[in-house]
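So you can see what is in the structure, the chains are spelled out below.
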Amino acid sequence: MTPFRYETALDASAAVKLGAASGAKYLGGGTNLVDLMRETIERPDVLVDVSSLAGEITDGDAGGVIIGAGVKNTTVAADRRIRERFPVLAQSILAGASGQIRNMATVGGNIMQRTRCIYFFDDAARCNKREPGAGCDAVDGFNRNHAILGASPACVATHPSDMCVALAALGATVRVEGPGGVREIPILDVHRLPGETPHIETVLQAGDLITAVVLGANGVAPRSSYRKVRDRSSYAFALVSVAAGLELDGETITDVRLAIGGVAHKPWRAHVAEAALKGGPASTAAFRQAAEAELAPARGLRDNAFKIELATRLIADTLEKLSQNAETAR
Amino acid sequence: MRFNINGQRLEVEVDTRTSLLDLLRDHLQLAGTKKGCNQGACGACTVLVDGQRINSCLALAVQYQDRKVVTIDGVGAPGSLHPLQEAFVEHDGFQCGYCTPGQICSALGMADELARGVPSYVTEDLTAETMALTHDEVRERMSGNLCRCGAYNGIVEAIRETFADAQAEGPKREAA
């Protein structure tokens with residue numbers, strides 16, 4: 001680990017002043033950043049500890065909630081409002097990491113965590129994220145865990161978060177305080193696809209600090225769920241995950257939200273499948289066709305082509321189960 | 001920097017790069033807490049901070065000043081073992097013992113989470129007020145602690161005997 005100066009901020013605007021300096025990084029729970037610093041992949045000069053800021057979950061407008069960026073992952077998953085109104089969010093968090101890590105990790109840090117691509121972590125390998133222009137050893141390497149959607153020849157890494165997949169399905173907004181003031185960014189616009197600049201992972205600028213995640217109430221949230229497929233049954237990153245919410249009127253789909261994890265450089269909102277399903281019948285055939293349409297542009301690498309069929313089936317099956325639960329509920 | 005470890009207040013000067021784990025082992029000679037992977041994957045370094053389990057290897061010590069840290073050294077001692085430690089002996093919940101301090105601290109934190117009604121990924125009813133400590137619940141909630149000897153069956157039994165029985169006796173209990 002390279003030496004750094006440690007600062008604590010008493011409020012967000014003080015943090016932004018410290019965080020806007022060159023070489024500064026915000027520190028939440030440290031579960032990803034400390035690991036990367038130990039490997040000297042991250043080498044901040046200043047760590048601005050923001051873990052004691054924005055630690056509350058408060059009621060938003062009309063059944064919505066506002067989750068402070070410093071709230072621990074466990075606290076979000078245990079919150080009764082989240083469990084009852086946004087079950088997909090609680091499930092996604094509980095599907096990720098371990099009990100210990102969820103107690104440390106913050107909501108803001110979960111959003112800002114970096115890929116677990118093994119070539120990104122291995123400084124003997126080539127990686128365009130670590131060293132722009134160096135090349136990518138994952139494209140032709142061991143890429144079982146890598147992207148099938150939205151990737152580029154420069155980078156095939158995936159975003160590792162489960163929580164962000166649920167936030168993408170729910171259409172959450174991220175509140176950011178920066179040197180220019182406070183603004184709100186849809187979660188889908190926070191992370192970027194890799195293109196030619198995979199080292200630029202989000203739209204956040206120097207000094208920008210995530211202060212909250214804002215969730216509005218919507219019709220699909222109460223009947224939503226998160227499914228995750230991984231190489232072992234617990235404490236592993238997703239091969240493919242699905243966050244889904246469904247609203248039915250009889251047999252007709254009035255609203256549907258779908259996002260997929262483990263498949264792209266960002267949480268992947270399945271707009272194509274949603275458009276295919278909305279207003280149509282809640283049938284096995286319709287679910288399968290919509291999933292196939294979403295995955296049509298997917299491209300497999302040497303080791304991960306299985307994810308295309310896996311994602312298709314997982315989407316179809318998750319929607320099927322949600323529609324059955326909906327019938328039971330009536 | 002000022003720390004509160006196992007009920008003792010201490011003042012130690014360490015580099016900002018020092019992890020909580022290295023503070024305990026190398027600076028305070030509290031070697032009960034073990035270093036396994038040193039990257040948050042194995043759970044051997046688990047300690048309790050304000051009653052909550054964390055990986056001390058991923059924690060910068062500077063971030064944990066004046067927090068109440070409890071390590072395995074503060075849980076029990078020879079001759080006065082914690083009931084969970086007795087149960088690990090009873091059920092062969094270890095072979096080499098290297099993961100055991102982390103398993104014990106993690107299980108204490110886990111029991112407290114259960115008592116507070118924190119659900120897990122395998123909890124059927126996400127809105128339930130309380131959850132039974134079934135075999136599957138223990139396996140899921142303890143998945144952050146690896147045992148290379150494969151003593152999992154004994155570990156699960158020791159935890160269930162200690163906390164599931166207590167759970168059956170009353171709805172609220174102190175975990176540690």
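Residues numbered from 1 in each chain as written. Chains lettered and ligands numbered in written order. Predicted model: local features only at pLDDT ≥ 70, side-chain atom pairs only at ≥ 80, totals over all residues.

## With respect to the overall build of chain B
A count of helical and extended segments in chain B gives five helices and five strands. Ordering the α and β elements of chain B from the N terminus gives β-β-α-β-β-β-α-α-α-α. Its C-alpha radius of gyration of 16 Å places chain B within 12% of the 16 Å reference for a compact globule of 176 residues. Put simply, of all contacts in chain B between residues at least 6 apart along the chain, 61% involve residues at least 24 apart. (Helix = DSSP H or I, 4+ residues; strand = E, 2+ residues; numbered from the N terminus. Rg over C-alpha atoms; globule rule 2.2 N^0.38 Å. Contact = placed C-beta atoms within 7 Å.)

## Overview of the pairing of strand β1 (residues 2-5) of chain B
All names here are of chain B. What you see with β1 is a clean split: Phe3 and Ile5 sit on the buried side and Arg2 and Asn4 on the side with no burial. Here four bridges tie β1 to strand β2 (residues 8-11), and the two strands are oriented antiparallel to one another. Note on β2: the bridge partner recorded for isoleucine 5 is glutamine 8. Sheet analysis places β1 next to strand β5 (residues 68-70), joined by two bridges and oriented parallel. Of the residues in β5, the one forming a bridge with isoleucine 5 is valine 69. (Buried ≥ 20, exposed ≤ 12 C-beta atoms within 10 Å, placed from the backbone. Pairing = 2+ DSSP bridges.)

## Section: the sheet that holds strand β7 (residues 181-186) of chain A
Residue and element names in this part refer to chain A. Taken together, the five strands give an open sheet; going across it, the order is β4-β5-β8-β6-β7, and neighbouring strands pair in antiparallel fashion. Looking along the sheet, the strands with just one partner apiece sit at the ends: β4 (57-59) and β7. For this sheet, the mean inter-axis angle between neighbouring strands, taken without regard to orientation, is 25°. Where β4 and strand β5 (residues 65-68) come together, three bridges link them in antiparallel fashion. Paired with threonine 58 across the strands is isoleucine 66, a residue of β5. The strands that helix α1 (residues 12-19) touches are β6 (173-178) and β8 (209-215); relative to β8, the one it contacts most, it runs at about 135°. (Axes fitted to C-alpha atoms, helices over the stretch in contact; angles between N-to-C directions.)

## Describing the interface of chain B and chain A
With 30 residues of chain B in contact, the opposing surface of chain A contributes 28 residues. When residues of the side of chain B that touches chain A are traced back to their parent elements, those giving at least two are β4 (52-55), α3 (100-115) and α4 (135-141) of chain B. Considering only residue class, the side of chain B that touches chain A consists of ten nonpolar, 14 polar and six charged. (Nonpolar A, V, L, I, M, F, W, Y, C, P; charged D, E, K, R; others polar.)

## Details of unusual backbone geometry
All names here are of chain B. Even without being a glycine, asparagine 38 presents a positive backbone phi close to 60°. Its location among the elements puts asparagine 38 in the loop between α1 (20-27) and β3 (46-49). By the C-beta count within 10 Å, which is 17 here, asparagine 38 ends up partly exposed.

## Points about the confidence of the model for chain B
Note that predicted coordinates carrying low pLDDT should not be read in detail. Averaged over all residues, the pLDDT of chain B equals 94, while 94% of them reach at least 70. Highest mean pLDDT in chain B belongs to β3 of chain B (99); lowest belongs to helix α5 (residues 152-169) of chain B (88). (pLDDT = per-residue confidence, 0-100.)

## Considerations on the sheet that holds strand β11 (residues 252-261) of chain A
Residue and element names in this part refer to chain A. Spatially, the four strands line up as an open sheet ordered β9-β10-β11-β12, and their pairing is antiparallel. Strand pairing shows two members of the sheet lacking a second neighbour, β9 (224-229) and β12 (268-269), which therefore form its edges. Where β11 and β12 come together, two bridges link them in antiparallel fashion. Looking across to β12, one finds that alanine 259 is bridged to arginine 269. Where helix α5 (residues 87-94) meets the sheet, its contacts fall on β9 and β10 (240-249), and the angle it forms with β9 comes to roughly 20°.

## Observations concerning the domain arrangement of chain B
All names here are of chain B. Considered domain by domain, chain B is made up of domain 1 (2-73) and domain 2 (83-169). Spacing between the C-alpha centres of domain 1 and domain 2 amounts to 22 Å. Across the contact, 14 residues belong to domain 1 and 14 residues belong to domain 2. Listed by contribution, the elements that provide at least two residues to the side of domain 1 that touches domain 2 are β3 and β4. Sorting elements by how many residues they give to the side of domain 1 that touches domain 2 places β3 first, with three residues. (Domains from an automatic or database assignment.)

## Observations concerning the nonpolar core
Ala166, Ala169, Leu170, Ala243 and Ile315 of chain A are the most contacted members of the largest nonpolar core, which totals 153 residues. Residue contacts for alanine 243 of chain A: discarding those within four places in its chain leaves Val88, Ser92, Val165, Ala166, Ala168, Ala169, Tyr226 and Ala259 of chain A. (Core = buried A, V, L, I, M, F, W, Y, C linked by C-beta atoms within 7 Å.)

## Considering the domain arrangement of chain A
Looking at the assigned domains, one finds that chain A contains domain 1 (5-51), domain 2 (57-112 + 159-215) and domain 3 (221-329). Here the C-alpha centre of domain 3 of chain A lies 36 Å away from the C-alpha centre of domain 1 of chain A.

## Re α1 of chain B
Regarding α1 of chain B, the residues found buried are Leu20, Leu21, Leu23 and Leu24 of chain B. At the C-terminal side of α1 of chain B, glutamine 29 of chain B shows a positive phi close to 55°.

## As for the packing of α5 of chain A against helix α9 (residues 163-170) of chain A
Residues and elements named next belong to chain A. Close contact between α5 and α9 brings their axes to 8 Å; oriented N to C, the two are set at 165°. Relative to α9, α5 is oriented roughly antiparallel. Crossing angle aside, the handedness with which α5 passes α9 is right-handed. Across the interface between the two elements, Val88, Leu89, Ser92 and Ile93 from α5 touch Met163, Val165, Ala166, Ala169 and Leu170 from α9. (Parallel < 35°, antiparallel > 145°, perpendicular 65-115°, else oblique. Left-handed = near helix turned anticlockwise from the far one by under 90°.)

## A look at the environment of glutamate 201 of chain A
Residues and elements named next belong to chain A. Relative to the helices and strands, glutamate 201 resides in the loop between α10 (187-190) and β8. Look at glutamate 201 and you get buried, because 22 C-beta atoms sit within 10 Å. Sequence spacing of glutamate 201 and arginine 114 is 87 residues, and the spatial spacing of their C-alpha atoms is 8.4 Å.

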